[in-house]
Every structure is written in structure tokens, then in C-alpha cells.
Amino acid sequence: CTMLLARRVIHETSKHNLDLLKAKFRIRSGKSHQALADVETVVQLFSKVLAPRLSAAGLDTLDAIHAFSRRTPIRNCLAEMLEHTQKGCGRAVRRS
């Protein structure tokens, strides 16, 4: 689920619904809440925002990303992502 992952990776906003993320990251797609447009939004959000951040933290497999999307507490996930962003680190503790 995009929201589960966004809550752990995106620190710029406290809410993570698709419309808000679409506006925040200037993602252009069709009208919200229509299947094709929402899929296009998710694909762009993942490729432009989520994937680069996850990759920089060493989370570059589907298994690792899936496990990370389920980790709790969320604030620890955000802190870990921020730490890697600020340090420019390429690796985090990988979970498979």
C-alpha cells in the first residue's frame, strides 16, 4: 500500500493521502479517484520520490521494501530515512 510506505519514507508532510502527495511532489496525472489516473500517480510517486529514497537507504529489493513498509514504530522509520538522507549514506539495515 502506497500510504504505508509513504508514512515511513516521506517526512515533508504529516498526511499521506494520494491527493496531498500528488500536489506536494507536483505529480501530473488525470483526475483523482479514477483508476488509471490513480495508478499513474502511484507509479510516478514511486519512481520520482519513494524509490530514490529507499534505494539510498539500501532498501532495493521488493522483500526489503515490503518488510520496511510494515515496520513499527513509524517514527523510527522516518528517523532512519532522515539519517540516511542527511548523511548521504547508501546503506541501512536491510530486512528481508
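Computed from a prediction, not measured in an experiment: that's the story for all the values here. (Residues numbered from 1 in each chain as written. Predicted model: local features only at pLDDT ≥ 70, side-chain atom pairs only at ≥ 80, totals over all residues. Heavy atoms only, no water.)

## Side note on the environment of Glu83
Among the secondary structure elements, Glu83 is positioned in helix H5 (residues 74-87). Distance in space between the C-alpha atoms of Glu83 and Ala57 is 9.1 Å, their sequence separation being 26 residues. (Helix = DSSP H or I, 4+ residues; strand = E, 2+ residues; numbered from the N terminus.)

## A short note on the pattern of salt bridges
In total, this model carries 2 salt bridges according to the counting rule given. One salt bridge connects Arg53 with Glu12, and the closest N-O pair in it is separated by 2.5 Å. You can see Arg53 sitting in helix H3 (residues 35-56) and its partner Glu12 sitting in the loop between helix H1 (2-9) and helix H2 (18-24), a full 41 residues away along the chain. Here Glu80 makes a salt bridge to Arg71, at a shortest N to O gap of 3.0 Å. On the basis of relative accessible area, Glu80 is assigned to the buried category, the value being 15%. (Salt bridge = Lys/Arg side-chain N within 4 Å of Asp/Glu carboxyl O. Buried < 20%, exposed > 50% of the residue type's maximum accessible area, 1.4 Å probe, protein only.)

## Focus on the confidence of the model for the chain
Scored by pLDDT, the chain has a mean of 84; 88% of the residues are at 70 or more. Low pLDDT (under 50) marks residues 89-96, which in the prediction has 24 contacts with non-local residues, meaning those over four places away or in another chain. (pLDDT = per-residue confidence, 0-100. Contact = heavy atoms within 4.5 Å.)

## Brief notes about the layout of surface pockets
Its boundaries defined by the atoms lining it, the largest pocket holds a volume of some 170 Å³. As for the largest pocket, its lining consists of Cys1, Thr2, Leu5, Val42, Phe46, Leu50, Leu62, Ile65, His66, Ser69 and Arg70. Listing elements by their share of the lining of the largest pocket, those giving two or more residues are H1, H3 and helix H4 (62-70). Counting residues per element, the lining of the largest pocket draws most heavily on H4, at 5 residues. Looking at side-chain class alone, the lining of the largest pocket contains 7 nonpolar, 3 polar and 1 charged residues. (1 Å grid on protein atoms, 1.4 Å probe; cavity = no way out; pocket = protein on both sides within 12 Å on 5 of 7 lines; lining within 4 Å. Points joined across faces, edges and corners; volume = space filled by probe spheres on them. Nonpolar A, V, L, I, M, F, W, Y, C, P; charged D, E, K, R; others polar.)

## Focus on the nonpolar core
Of all hydrophobic cores here, the largest spans 17 residues; its most connected members are Leu54 and Phe68. Among the elements of the structure, H1, H3, H4 and H5 are those that each provide at least two residues to this core. Ranked by the residues each element gives to this core, the list is headed by H3, at 4 residues. Other than its neighbours up to four places away in sequence, Leu54 contacts Leu5, Val9, Phe46, Leu59, Ile65, Phe68 and Met81. (Core = buried A, V, L, I, M, F, W, Y, C linked by side-chain atoms within 4.5 Å.)

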